[in-house]
Every structure is written in structure tokens, then in C-alpha cells.
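Spelled out from the first residue to the last, the chains are:
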Amino acid sequence: MKRIFDVSQRQKLSDPHIHVSSYDITFLFKLLHHVCDKLELEGSPEWTTRDEGRLEWLLTAIKNFRNNISHSGLGITKETLIYETANVLTTLENALSVAGTLYIRNTSEVQEKINKVRNDIMNIRDQDLGSAELGVYETMLLNEKLKTILKTEGSNELKIRYENCSQINPVSFLEGKKVLLKVKSIFTQIEVESAGERAKGSSVTCADIIAFCRDNNSDSGESSRPQPEVFLIEGPAGSGKTTLMKYIKSEWSSPTCSMNGLSDFDLLLCLQCRNRSISSFSQLLDHLLPNTNVKYFRQGEMKKFMFGLKTLLLVDGLDEMNPASESVFLEVLSMKSVNLVILCTSRPEKLHYFHTHVTSEYHSAHLKIIGIADSKIEKFIIKYHSEMVRLGLSIQDTDSLVRYLKKTKLKLQRHLRLPLNLVVLAWLWADDPSRILKITTASELYMETLTLMKKKLIERLGHNDATMGIDCEVLEERVNVFITSMCREALVSLCWDVIEKFLPDSVIRMKTTCNANSLPVKEVMSAFLVINTVDGEEQVSFPHKLLHEFYASIWIKQNLFNENKKVNNSELLQKLAIFLEMNKAGSTVQQQNILSDAMMRLDQSASPQKPDAIRGMITEMHNNEGKPLKLLKYQSLLLQVAGVLYAQNAHQIEKCSAEEIVELLYEAELGQKDNNEWWDLIDNVKNDRIIISNVTKHIKKNLSITEDHIEAALLILENTNPKIIKVDICGKCEGLPELGILLDRVAGCNCQLDVYFHYEFKHPRTEFGNDHHLKTVIRSCQLGEFVGHISGETVTMLPDTTTLLNLAVTDDVHAARLMKYLQEGAVDQYWVGLCLHITSSVSPSALEQLPDLQMLWLLLSDINDSCITRVCEIAAKLLPPHAMFVDIRFPHSDVSFEGWKRLLQGMKDADVAIGHLTIPEEKYLPEEEFKSLKDTAHSLHRCDFRKYSEDQMWESALLAI
């Protein structure tokens, strides 16, 4: 039902107070498509091929007649009225007759319906309308016409506006505009944070975001009436939030839209929260639709007609909100229009604001954007670097780059999910592969990028008329002076809430710095920044918000280590030496003594690291307007500061600076809602012990530990006992010598615990590799969810807190023992769900019926056409009476179209009930064959037939259905 009807339609269907007579023609037509069992499936030719004897075509003709009349001109002649009523009456009478025959209704009942329709139409045709009634009628027609104009003309104008959204260039500062990325190629991964009963942590594809949000909400109310809808996509800087917004605009504008549910919207509007010039919703409409507004509507009138159209409003960057954009957002929320769906993006620091202002009246969902899906990283880098090679921008080997990625993916995985970082990595590889071999943090990545920018700029300056002939070392010193100026102005604009742009005064100061150092302004500024002309005025901006904050962090680092003051002191001493020489001030020895004394005094004036030094720098720049300094907006900047400091000056950082970084980030609300946010800092500082010791006191609630965080987790758990711990291991457990020590320490925490051993679940061996690990913790911890490979005996030892088991079954012996203990364990346990990975070595005869739990899943790996009978027998043997499998998945399968058809029919013959049947997307299946299988699955099982990526296929949060 969710696949067919949207939220508002389902609410109407479930509300007994809403009569069917209030349904619009589109909704009625869709209902008839899907609830009449004797009609052909949607998309069948019977619905569009003229045939007076087919109910499908007659229903289509009635719908088309209504739409043509509704969207036609304002007037109609008497002659036309008589002609049209005769036509529609004939069609309606035929439809009633055919329906009566098809559904075996009494002839007198059918004739009674025909007579009523005939009388109603004749009364309408022959009725004389008074002038007042005509006026009302004409007004209604005019309003309908204006709404139609807004729908057609407005959408066309918006699509023209969005036509350039299909391509982006994240690094134009490095190479101009040669390598453009299609936004579709940014394979973004979305995870669920909260959406009704859907599992936190499950995945949603980009193509399904709209449909998923509308089908799954976080409200707890039982109301079936239509509700306004607002959804949030949260993500860190660089994760692709703005790119996702561009993708949605591009898809909506495309005649071949691939996003589910997006084509339902008549209009798509976009509010960029960094925009300071729009302070009302009417202004936003005027801005986005100036031509449509001027041609057809009076001032402020367009808003009224928009409420009659299904509209999607994208609100990009709640964390970049200013007073003007906030007033628009709050105005939109106050409208509470069921026709206006709002989709917001934000960094994590603005989550509290969103949840505070979105009341329970709203249907809402909260998703997290992670970045490029891990399984797509290699595909992305291959496409991008291959394009660089094709354009002559790289001579390096793409395969070698992929091998490097595979080798280093674990330590850089979180950073490589960000599209900007992957693109930058490709450029560094193209310049010099050895440059990136030691990179382990995003800050190191950006430091190398800055070095590459400088290198390319100095090469160009060597051929520029204004700087040709100047020594390279001198050019580098002058460029460094400009970089210092640029980094200072980056912090200024952040403090003044100007996101990704410079203040006009900042641009003037940077140009002055260029001129003072005899550097060509445009050449130098465009090496690090983006220069555009907007409304006839020059606008200088940052390539990305991440780089904006990186530049600002450089200035803080330079000041913390007095690098800026040292540069200034050096310039001052040079000027003093020239002054003494020109004025013959004493002998050479005396001049040297004067210079030495000045140098000593200047060095003494340099401030060493001290408590609150970083806070002081931000406060000095802060645009307080009489308000106290709030560090929330500086959270990402402070993480960058930590990364830059430990990338370049790790051995020089004093304890007071390390402590200040942690306390500033805590004040900026890092980790206050989710303690796992502290991993961002710990990774940036490469497990620095002083940082970890200060972070530990802020970790009380929850901690998720992956294999690359085991070393740091051991230090954290020395001094704190989080209430909830998640051990999430992707690689082989046997390759992690410290895993046993970690689990011993976790056992001492007496916590709620989830354990995921993904490799052993996906690739189980005959030995029960996770028995020892699990026995270590289940004696003292409250185990909730487990993923892995254990023996039947270990199942009997599970505590009664266990709710969801994901177990691998390796062979017949293991299967027989596991079946026995699962049945016994289910009697005393409170398991909610069970997922079994049945390997190819397991035969149906070794299996028994599973316990009747709320939710059951199957994964049957490595099957082919010869396995179809075995697969159907396994499913039938395991399924309890009157139960169903939520999902049956087939990872690593190699099944043909005919094989899948046999499987669907076999499951039907075996009376196996299925909610979803999932096949691997990497196995090519022509679109027409896939659609045919989807229709067959719906027809035989009323289930969904879908494709999943490798990551989705094995995801542990199997509640993601």
C-alpha cells in the first residue's frame, strides 16, 4: 500500500469521516487501478487502447474528459455543452454497463445507476444560471486557470533555473572548469536516524529519500487526517548535503526522473539559508518565479495559488541560517500546509533547533547523510581519475590509485566518504602519488592540497608578465604573505556568519596584500578561491565550506605558534637594518648590536601557548553585537584547528592547548547528544593521549567501537564506563590481537551491548569463530543485538536481554544443532527477530521450523539456477505456520531471469509468504526483465522485488525493509 499511495492518500483511506465523494479524480483513478481485482495491472495496454468493451479504457476516458474540461478555457457555448454532455453520458453509461457485467451485478441495479447519472447530467446541462451564480462560476474557473498556469508556466521556469544543477566542479580552484561531475555520480549513502518504526542505522538510497520520508514518520499520534510534512537530512560538512539538493533539483527537472515520489510534486522550490536578501515566503516565490509572477499574478497573489499545488520546498543549510532566512523558515512552518512538503539539510549542531520548532503536528523523519557509500568509493574514483587522464590532466595509473585506496581504505574510510576529499585525493595522486602515502587525516589531506595549490600558482607566476624573472623562493614568500591574509579574512567571515564568502572589506584587504607584494590579483586569488560575477558585481567565495574552515584554522594555528608575529618581526628587522644603513647610524658593530637587541626584545614579546589562547583569538574576531560568544557555530572549525595543529605541530603542543581544544569543543556541543562524535577529534589528533584523557570525562552515555578505534577505546575505557556500547568489527576477528583485551574491558562496564562481527557472518568457517568472543561479554553485559557465527550451545547462554540475532549457518551438522537450540531458547527468551545466513553447504533436510517470532529474515548466498528447488524447500521448511519472511535476500547470486521466475513460482507453490525479495544490484538484469519480475512478485506474493548493493545486502540493521 505504501508503494502505491502517498501519505495523504493513505490518511484519507483510513479516515472514516472522509467520504469517497471528496476524493479527487487522480486519487479515484489510482484506487480503481489497484483495488479492482478483475482489471489489468497498471501499465497494461488495456488502459490506453480504445475499446468500448473494456472497463480499463472507459475509466481512462472519463478521467481524461474531466481533466480536459477542467484545464480548458473560461467559456463554453451552449452547442459545445450539449455535444460534450452527450459524449460523457455515453461513456459513463458504457462504463456502468461493462462494470455490471464484469462484477455480475443485477441488471435492474445497473439500470438504476444509469438512470441516476443520466438525470444528474441532464439537470446540469439544462439549468439556467443567474448572474450571481455565473460570477461565482467564472471566479472559480479563473482561479482554476491561474492554478494551472502556475503549475505549467511556473514549473517550466523553475526547470530552466535548475538546468545547470546536473553538474558540479568541487575543485575549480585547481583546474578551472574542465572536469565536471554529474551529481548522479555522487553515490551518497543515507542512514535512518528516526522514522517511525523504521530501524535506526538502516540505509536508504538517494532515489528513495522522498518516498521513504513520506512513508515513515517519527510522530506517535494516531491521527489519520492529513498532516503537514517536514523532514531533516543531517550530515557533517562535505558529506554532500548541498550536492544532494542539486541532485533533487536536477532529477525533478529531468523528463526521466528516477527519484521515487519526486514527480508527484507540481513545483519544487529552494531556500538557501545563507541567503540574506530574502525574508518572506512571498519574496522567495518572486525570486524563484519572476517571469511567471509578472505575467499572470498581482503582487503577493501567487502564494495563494501555490497552496493548491503539491509543492516540495528544499531548505538547504539550517546551520547557515541568518535572521532573514530564519523568518522565511518559521513562516513556512507556521503555514502547516498539507500540500507543502519541506525537506531540510543541516549540520548536526542545528538539530536541537529543528526538533524545537517542528511540533508534533508535523509528519517528520530524520535521516543522516554519511557521504559516498563505501561500496561506491572505488567506482567514483575510477570514473573521476579516468576522466582526468582522458583530458590530459593526469599521467598516473588509475589501477594503482585504486590499489592504494583498497590498502588504506580502513584508516581513511570516514574521510573518503566525503566527495570533496575523494576529488582532492585524485588531484594529489595525479601530481605526485608519493604525496599521499602518509595521509591519515582530512587535515593532512587539505595541507597537501594547499601545498599543491601553491606549487601550481608559483609555476604560473613564473610565466606571468608581472612576476616573470622573480626568484621562486621570493615568490613563495610573497604567496605565503597572501595566504596568511586570506586565512585571517576566512576567520573574519566565519565570525560574521558569512558562509563560504568574503566580506567586501576582506576582499579589499586581500587585494591590497597582493598589490603590496607585486602579485597579480586575479591570478593569485583564483588559485585558492572562486571568483564570479553576480548581478554585475564581483563575488569572491570559497570552493567549499570545509576549505573555508580549513583556511580559518590555518590562521589560528599560525597565531598559536607566533608564526604570523615572526613574519612581521622579520619584516620589521629588515626595515630597521635598511634605516640604520641609510642614515649611517653608528659603525657596523653598533648597528649589529642595535639589531640584536631589537631581535631579543621582539622575541620576548611573542606570546607562548597559554590557557584560553584559542578562545581569545575567536573572541577578538567575533561579531558579538552585544551578545556573548557561542561556540556552537565554530564546532567544525575547532575540529579543523585540532587537525591542523596535530598534523604540523604535534610535538610542540602544550598540555594547556590540548585541554582547551577539548573544552571548547564540549562547549560547542560536540558529543553532548552522541558521545561518538568525539571520534572525529580523536582521529584528527591521531590518538593523542592527552586529548583522549580529557575526552574520556565527557563519554558517559554511549560508545561505538570499530577495529580502527580499538587502541583509543582501550584508553577511554580505563577511566569511564559508558551505559551503551556497540562493538562493530568489519574485518576478520582473528587479525585483531587486541580485540580480546577490548572485550574483557567492555565486560567490566556491565553495559547494554550490541556486537557485530560482520566478516564471520558473511564468510563463516566450520569453526565457531565468535564463540569465545561472545562468551567473554554475555556473562556481565546486557546483550541486545548480535551478528556473527556461533554454535548452538552458545545460543543457550544468551541473556534474556537479547532481541535480535543474525546468525550464519555453515553446514548440516551446525544447522541441526542450531535448530534444536533456537527452538529451546525461544521459549525462555524475548527475541524480536531472527536472521539466518544459510550457506550453500546446508541442505533442507538438516533444517527445522523456526520459532514463531515477530520478524524473520533469510539470506541465501551463492545460489544459481540449479539451486532454485533447494532454496524453495529451505524457505518452506523454516517458515512457521501463518508467518512470513520480512525479507529473503540472495547475496552473491548468479541467477537468470528464468531462474528468478521459477523461484517466485516455487515460493508460491510452497506457500511461502514474503514481504520483500532482494537480489544483488551488481548482477546485470535488463530493465524490462526486472520490471517483469517486480510485477510477477506483486501478482503472486503481493511482495516487493528489489535490488540492493553489497553493503545493503549484508547490513546488520535488518529492520530496514
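Please read these numbers as outputs of a predicted model, since none were measured by experiment.

The rules behind these values
- Residue positions are given per chain, counting from 1 as you read along its sequence in written order.
- The model is predicted, so local features are restricted to residues of pLDDT at least 70 and side-chain atom pairs to those at 80 or more, both for listing and for counting; the totals for chains, interfaces and linings are taken over all residues.
- Processing note: side-chain calculations cover all non-hydrogen atoms of the structure and skip hydrogens and water entirely.
- Working definition: helices are DSSP H or I runs of at least four residues, strands are E runs of at least two. Numbering for both runs from the N terminus.
- Only protein chains enter the accessibility calculation, which uses a 1.4 Å probe; a residue is then buried when its area is under 20% of its type maximum, exposed when over 50%, and partly exposed in between.
- We call two residues contacting when some pair of their heavy atoms lies within 4.5 Å.
- Only the protein chains shown count as cover for residues, and all accessible areas are computed by the Shrake-Rupley method using a 1.4 Å probe.
- Two strands pair if DSSP finds at least two bridges between them.
- Lines fitted to C-alpha atoms define the axes here, with helix axes fitted over just the stretch in contact, and angles between the N-to-C directions of these axes take values from 0 to 180 degrees.
- Angles are sorted into four bins: roughly parallel if under 35 degrees, roughly antiparallel if over 145, roughly perpendicular if 65 to 115, and oblique for all others.
- Note on convention: near helix rotated counterclockwise from far helix by under a right angle means a left-handed crossing. Clockwise means right-handed.
- Residue classes follow a fixed rule: Ala, Val, Leu, Ile, Met, Phe, Trp, Tyr, Cys and Pro count as nonpolar, while Asp, Glu, Lys and Arg count as charged, and any other residue, Gly among them, counts as polar.
- Salt bridge, as used here, is a side-chain nitrogen of Lys or Arg placed within 4 Å of a carboxyl oxygen of Asp or Glu.
- We define the nonpolar core as a collection of buried residues of types Ala, Val, Leu, Ile, Met, Phe, Trp, Tyr and Cys that are connected through side-chain atoms lying within 4.5 Å of one another.
- Here a helix's expected span is defined as the number of its residues, less one, multiplied by 1.5 Å.
- Scored between 0 and 100, pLDDT is the confidence that the predictor attaches to each residue.
- Under the pairing criterion, centres of Phe, Tyr and Trp rings, with the six-membered ring standing for Trp, must be within 6.5 Å; the plane angle then separates stacked pairs below 30 degrees from edge-to-face pairs above 60, leaving the rest tilted.
- Two thresholds decide whether a charge sits over a ring: the Lys NZ or Arg CZ must be within 6 Å of the ring centre and within 35 degrees of the ring normal.

Draft legend 1. Just the overall build of the protein, in detail. Helix and strand content of the protein: 39 helices and 21 strands. Out of the 961 residues belonging to the protein, those deemed buried represent 52%. For the protein, the proportion of contacts with a sequence separation of at least 24, taken over those separated by at least 6, is 71%. Surface accessibility of the protein: about 44400 Å² in total, with carbon and sulfur atoms responsible for 51%.

Draft legend 2. Highlighting the sheet that holds strand β13 (residues 724–729). Pairing is parallel in the open sheet, where 10 strands are placed in the order β12-β13-β14-β15-β16-β17-β18-β19-β20-β21. Each edge of the open sheet carries a strand with a single partner, namely β12 (702–706) and β21 (944–948). This sheet shows a mean twist of 15° between the axes of neighbouring strands, independent of strand direction. Relative to strand β17 (residues 833–838), strand β16 (residues 804–809) is paired through six bridges, and the arrangement is parallel.

Draft legend 3. Representation of the packing of helix α36 (residues 868–878) against helix α37 (residues 897–909). Remark: α36 packs on α37, axes separated minimally by 9 Å, with the N-to-C direction vectors making an angle of 30°. Overall, the two elements α36 and α37 adopt an arrangement that is roughly parallel. The handedness of the crossing between α36 and α37 is right-handed. Together, Ile868, Val871, Cys872 and Ala875 of α36 and Gly899, Arg902, Leu903, Gly906 and Met907 of α37 make up the contact between the two elements. Its residues placed into classes, the contact of α36 with α37 shows six nonpolar, two polar and one charged.

Draft legend 4. Seen up close, unusual backbone geometry. One non-glycine residue, aspartate 612, adopts positive backbone phi at about 65°. Examined against the element boundaries, aspartate 612 turns out to sit in the loop between α24 (588–605) and α25 (613–621). Despite not being glycine, histidine 882 shows a phi value in the positive range, around 60°. When you line up the elements, histidine 882 lands in the loop between α36 and β19 (887–889). What makes histidine 882 exposed here is its relative accessible area of 87%.

Draft legend 5. Structural view of the pattern of salt bridges. One pass over the full model with this rule turns up 40 salt bridges. Lysine 455 serves as the salt-bridge partner of aspartate 431, at 2.8 Å between the closest nitrogen and oxygen. Of this pair, aspartate 431 sits in helix α17 (residues 419–431) while lysine 455 sits in helix α18 (residues 442–461), and the two are 24 residues apart along the sequence. In this structure, lysine 454 engages glutamate 476 in a salt bridge whose closest nitrogen and oxygen atoms are separated by 3.9 Å. Linking lysine 454 in helix α18 with glutamate 476 in helix α19 (residues 472–495), this pair joins segments that are 22 residues apart in sequence. Its relative accessible area of 35% is what places glutamate 476 among the partly exposed residues.

Draft legend 6. Layout of the nonpolar core. If you look at the biggest cluster of nonpolar residues, it comprises 183 residues, and the most contacted ones within it are Phe528, Tyr551, Leu681 and Leu836. Among the elements that line this core, the one with the most residues is α19, at 11 residues. Residues within four places of leucine 681 in sequence aside, it is in contact with Leu639, Ala642, Ile661, Val662, Leu665, Ile691 and Val695. Core analysis: the next-biggest nonpolar cluster, separate from the first, contains 65 residues, Ile209, Met245, Phe305 and Val358 among them.

Draft legend 7. Fine view of the pairing of strand β8 (residues 340–346). Counting buried positions along β8 gives seven out of seven residues, so the element sits mostly inside the fold. Both faces of β8 are covered, namely the face carrying Leu340, Ile342, Cys344 and Ser346 and the face carrying Val341, Leu343 and Thr345. Where strand β5 (residues 229–234) lies against β8, six bridges are found, and the strand directions are parallel. Counted as the bridge partner of phenylalanine 231 is leucine 343 from β8. Taken together, the five bridges between strand β7 (residues 311–316) and β8 define a ladder with parallel strand orientation. Residue threonine 311 lies in a different strand from β8, and its bridge partner there is leucine 340.

Draft legend 8. Focus on the packing of α18 against α19. Where α18 contacts α19, the two axes come as close as 10 Å, and the packing angle between them is 125°. With respect to their mutual orientation, α18 and α19 come out oblique. Every pair of crossing elements has a handedness; the one defined by α18 and α19 is right-handed. Along the contact surface, α18 presents Leu450, Lys454, Leu457, Ile458 and Leu461, while α19 presents Cys472, Leu475, Glu476, Val479, Asn480 and Ile483. Partitioning the contact of α18 with α19 into residue classes produces eight nonpolar, one polar and two charged.

Draft legend 9. Region of the structure containing the environment of isoleucine 874. Structurally, isoleucine 874 can be placed in helix α36. The buried category is assigned to isoleucine 874, whose relative accessible area is 0%. Considering only alpha carbons, one finds isoleucine 874 and proline 844, 30 residues apart in sequence, at a separation of 4.9 Å. Beyond its immediate sequence surroundings of up to four residues, isoleucine 874 is in contact with Ile838, Val842, Pro844, Leu847 and Leu860.

Draft legend 10. Just helix α33 (residues 771–778), in detail. Counting buried positions over the eight residues of α33 gives six, a clear majority of the element. In this fold, the buried residues of α33 make contact with α31 (739–747), β14 (752–757), β15 (782–788) and α34 (792–795).

Draft legend 11. Molecular detail of helix α26 (residues 635–648). An ideal rise of 1.5 Å per residue puts 20 Å on 14 residues; α26 measures up with 21 Å between its terminal C-alpha atoms. Across the 14 residues that make up α26, a large majority, 12, are buried.

Draft legend 12. Representation of the environment of valine 727 within the structure. Tracing the backbone shows valine 727 in strand β13. When its relative accessible area of 0% is taken as the criterion, valine 727 is described as buried. Separated by 16 residues in the primary sequence, valine 727 and leucine 743 place their C-alpha atoms 8.6 Å from one another.

Draft legend 13. View of the confidence of the model for the protein. Mean pLDDT for the protein: 83, with 83% of residues reaching 70 or above. Across the protein, α37 holds the top mean pLDDT of 96, while helix α23 (residues 563–582) sits lowest at 59. Ignoring residues within four places in sequence, the model shows residues 957–961, a span with pLDDT below 50, making 26 contacts including any to other chains.

Draft legend 14. Geometry of the packing of aromatic side chains. In total, this model carries 16 aromatic pairs according to the counting rule given. Aromatic side chains phenylalanine 502 and phenylalanine 542 sit 4.3 Å apart centroid to centroid with 35° between the ring planes, which places their arrangement in the tilted category. One end of the pair, phenylalanine 502, is in the loop between α19 and α20 (504–516); the other, phenylalanine 542, is in the loop between β11 (537–541) and α22 (545–560), with 40 residues separating them in the sequence. By relative accessible area, which is 7% here, phenylalanine 502 ends up buried. According to the relative accessible area criterion, phenylalanine 542 is buried, its value standing at 3%. Above the face of the phenylalanine 29 ring, lysine 63 is positioned so that its terminal group lies 4.9 Å from the ring centre. Its guanidinium or amino end placed over the ring of tyrosine 353, lysine 350 lies 4.9 Å from that ring's centre, counting from NZ or CZ.

Draft legend 15. Examining the environment of phenylalanine 265 more closely. Take phenylalanine 265: it is sitting in the loop between α9 (241–253) and β6 (267–272). Placed 47 residues apart in sequence, phenylalanine 265 and leucine 312 show a C-alpha to C-alpha distance of 6.3 Å. Residues contacting phenylalanine 265, with those up to four places away along its chain left out, are Ile210, Arg214, Trp252, Lys310, Thr311, Leu312 and Val341.

Draft legend 16. Main features of the pairing of β15. Across the seven residues that make up β15, a large majority, six, are buried. Both β15 and β16 contribute to a ladder of four bridges, which runs parallel. Counterpart to glutamate 785 in the pairing with β16 is leucine 804.

Draft legend 17. A look at the side chain of aspartate 266. Tracing the backbone shows aspartate 266 in the loop between α9 and β6. Taking the relative accessible area as the measure of exposure, aspartate 266 reaches 18% and is therefore buried. Ignoring any residue separated from it by four or fewer positions in sequence, one finds aspartate 266 in contact with Lys151, Ser155, Trp252, Leu309 and Lys310.

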